[in-house]
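# Close look at the chain arrangement
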Amino acid sequence: MAVGKEIRSQIGSIKNTQKITSAMQMVAASKMRKAQDRMAASHPYANQIRKVVSHIAKATPEYKHPYMLERDVKRVGYIIVSSDRGLCGGLNINLFKAAMKDLKEWQDKGAEIDVCTIGSKASAFFRRYGGNLVAAKSGLGDTPKASDLVGSVKVMLDAYEEGKIDRLYVVYNEFINTMTQKPLVQQLLPLEAEAAEEEESKVGGWDYIYEPEAQELLDNLLIRYIESQVYQAVVENIACEQSARMVAMKSATDNAGNFIDELQLVYNKARQAAITQEIAEIVGGAAAI
Amino acid sequence: MAMTMHCNVVSAEKKLFDGRVEILVASGVQGELGILPGHTPLLTELKPGTVKVKKQDGEEELIYVSSGFLEVQPDTVTVLADSAERAHNLDEAAAKEAMEAAERALADKNAEMEYAQATSMLAQAAAQLRTIQQLRKQLGK
């Protein structure tokens with residue numbers, strides 16, 4: 001019987017797609033767990049170093065590191081962290097939208113923009129957008145090493161020290177939970193004191209005792225700080241990517257299931273109609289004899 | 001009750017200690033430091049060595065630190081280690097092996113390992129062994 005051949009083949013192709021999406025969902029789910037563990041592992045360090053640095057920013061040190069000085073903003077640097085691969089819902093697009101909004105604000109104030117991208121989606125986007133792309137890094141995989149990022153971070157830090165850029169931001173997805181990721185624009189340089197977190201009594205002119213020299217120590221510490229923040233951003237973004245992909249693939253699998261159900265119903269109806277018609281014809285033929 | 005301060009020891013990979021302590025002893029680049037509550041703010045680099053903290057209940061914990069930073073505020077101390085391990089998790093045989101390898105590399109002028117790398121490896125391995133010995137002494141007491 002030739003009824004509904006198109007429908008049958010359509011159901012078949014949707015079933016194949018569903019197999020792929022459900023496989024991707026399971027792969028993402030298992031990767032997500034590992035990515036979240038990694039994110040949680042490096043979280044305490046990134047948090048503590050941020051606290052220490054915000055203390056330093058609040059102190060009144062004998063030696064003012066260039067990273068602590070506010071300058072007139074003529075040029076702004078962005079480190080944009082994205083995923084390497086797509087199929088993870090609106091994750092990257094939402095991130096780029098948030099970044100573009102921030103970029104626009106600076107451009108309206110007359111500042112120019114330098115962009116450094118991590119992940120191939122970001123570099124593709126900003127190449128098309130026509131931003132000034134100074135560095136791009138991609139292909140980090142699921143287990144990035146801090147040493148992989150040093151190069152691109154250094155480009156931006158050097159630019160800051162030479163006075164080419166006056167502000168540095170990092171843009172990445174903040175992991176809230178498996179279902180929710182939020183684009184986040186975080187200021188790296190100049191250092192920001194964490195506002196209102198501690199009592200105001202400390203505002204008076206206090207300073208650390210430094211061992212060995214303040215300059216040497218702060219140089220090392222601040223570079224380590226920036227690296228750890230960028231590393232944390234990358235690790236967190238990977239956890240976001242895997243959870244977003246898992247959620248996107250789950251809904252794709254569910255949609256495919258619904259689609260198949262609907263088509264199956266249409267197919268069954270068509271087949272039933274054809275059978276009924278045939279019987280009617282036979283009965284009609286018999287009556288005519 | 002003795003005065004206490006909050007202490008955090010974190011490495012790039014994990015959190016090793018978080019709690020209130022009576023005293024913290026660490027090896028800074030310019031010598032051993034003993035930090036008591038109410039210390040004036042201090043910022044220093046750490047060299048490979050042992051961080052010893054005495055908890056409220058009088059129990060002492062030993063942590064090996066490869067290098068990093070120490071920040072002191074009157075009521076908190078923070079150790080930011082590049083890598084760290086609790087003393088009883090250290091592998092003595094591996095540390096000895098690393099020390100021997102580093103010594104060999106230092107003695108052999110044609111070795112592939114760079115001099116600076118070898119010396120830092122030697123210092124780290126020696127510090128690990130010292131930490132293990134301290135732990136033994138503590139347990140033997």
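To start, this report covers the structure provided alongside it. Here the structure is a predicted model, which is why all the values come from computation and not from measurement. (Residues numbered from 1 in each chain as written. Chains lettered and ligands numbered in written order. Predicted model: local features only at pLDDT ≥ 70, side-chain atom pairs only at ≥ 80, totals over all residues. Heavy atoms only, no water.)

Turning to the sheet that holds strand S3 (residues 132–137) of chain A, a few remarks are in order. Residues and elements named next belong to chain A. In space, the five strands of this open sheet follow the order S3-S2-S1-S4-S5, with mixed pairing throughout. The open sheet has two edge strands, S3 and strand S5 (181–189), and neither has a second partner. Across this sheet, the average inter-strand angle for adjacent strands is 20°, counted without regard to direction. Bridge count between strand S4 (residues 167–175) and S5: eight bridges; the pairing is antiparallel. Its bridge partner lying in S5, Asn173 is registered against Pro183. Relative to S3, helix H4 (residues 146–161) is tilted by about 155°, and along the sheet it contacts strand S1 (75–81), strand S2 (112–118), S3, S4 and S5. Along the sheet, helix H5 (residues 214–288) contacts S1, S2, S4 and S5; its crossing angle with S4, the most-contacted strand, is approximately 30°. (Pairing = 2+ DSSP bridges. Helix = DSSP H or I, 4+ residues; strand = E, 2+ residues; numbered from the N terminus. Axes fitted to C-alpha atoms, helices over the stretch in contact; angles between N-to-C directions. Contact = heavy atoms within 4.5 Å.)

Our next topic: the pairing of strand S4 (residues 42–46) of chain B. Most of S4(B) sits out of view: five of its five residues are buried. Here strand S6 (residues 209–211) of chain A pairs with S4(B) via three bridges, running parallel. Note that in S4(B) the partner of Glu211(A) across the bridge is Thr44(B). As defined by bridge partners, S4(B) adjoins strand S7 (residues 68–73) of chain B across five bridges and the pair is classed as antiparallel. Bridge pairing links Leu42(B) to Val72(B) in S7(B). (Buried < 20%, exposed > 50% of the residue type's maximum accessible area, 1.4 Å probe, protein only.)

Let us now look at the nonpolar core. The biggest cluster of nonpolar side chains holds 56 residues, and the ones touching the most others in it are Ile79(A), Leu189(A), Val230(A) and Leu43(B). If you list the elements that add at least two residues to this core, you get helix H1 (5–58), S1, S2, H4, S4, S5 and H5 of chain A. Among residues more than four places away in sequence, those in contact with Leu189(A) are Tyr67(A), Leu157(A), Tyr160(A), Arg167(A), Leu168(A) and Ile226(A). Formed by 22 residues, the second largest nonpolar core is a distinct cluster that contains Leu33(B), Val65(B), Val72(B) and Ala84(B). (Core = buried A, V, L, I, M, F, W, Y, C linked by side-chain atoms within 4.5 Å.)

So, about the pattern of salt bridges. All names here are of chain B. Enumeration according to the criterion identifies 18 salt bridges over all chains in this entry. Between Glu92 and Lys96 there is a salt bridge whose closest N-O contact spans 3.6 Å. Of the two residues, Glu92 and Lys96 are both situated in helix H1 (residues 92–107); the distance of four residues between them amounts to about one turn of the helix. Between Glu92 and Arg136 there is a salt bridge, and its shortest N-O distance comes to 2.6 Å. Within this pair, whereas Glu92 is found in helix H1, its partner Arg136 is found in helix H2 (residues 115–140), the two being separated by 44 residues in sequence. When salt bridges that share partners are traced, they join Lys55, Glu59, Glu61 and Arg86 into one network. (Salt bridge = Lys/Arg side-chain N within 4 Å of Asp/Glu carboxyl O.)

Taken residue by residue, the interface counts 24 residues in chain B and 22 residues in chain A. Across the interface of chain B and chain A, roughly 2,100 Å² is buried in total on both sides, 64% from carbon and sulfur atoms. Broken down residue by residue, the surface that chain B buries against chain A is led by Leu43(B), Phe69(B) and Leu80(B), which jointly contribute 29%. For the pair chain B and chain A, the interface holds one salt bridge. Residues Asp82(B) and Arg224(A) are paired through a salt bridge, measuring 2.4 Å at the closest nitrogen-oxygen approach. (Buried area = accessible area lost by both parts, 1.4 Å probe.)

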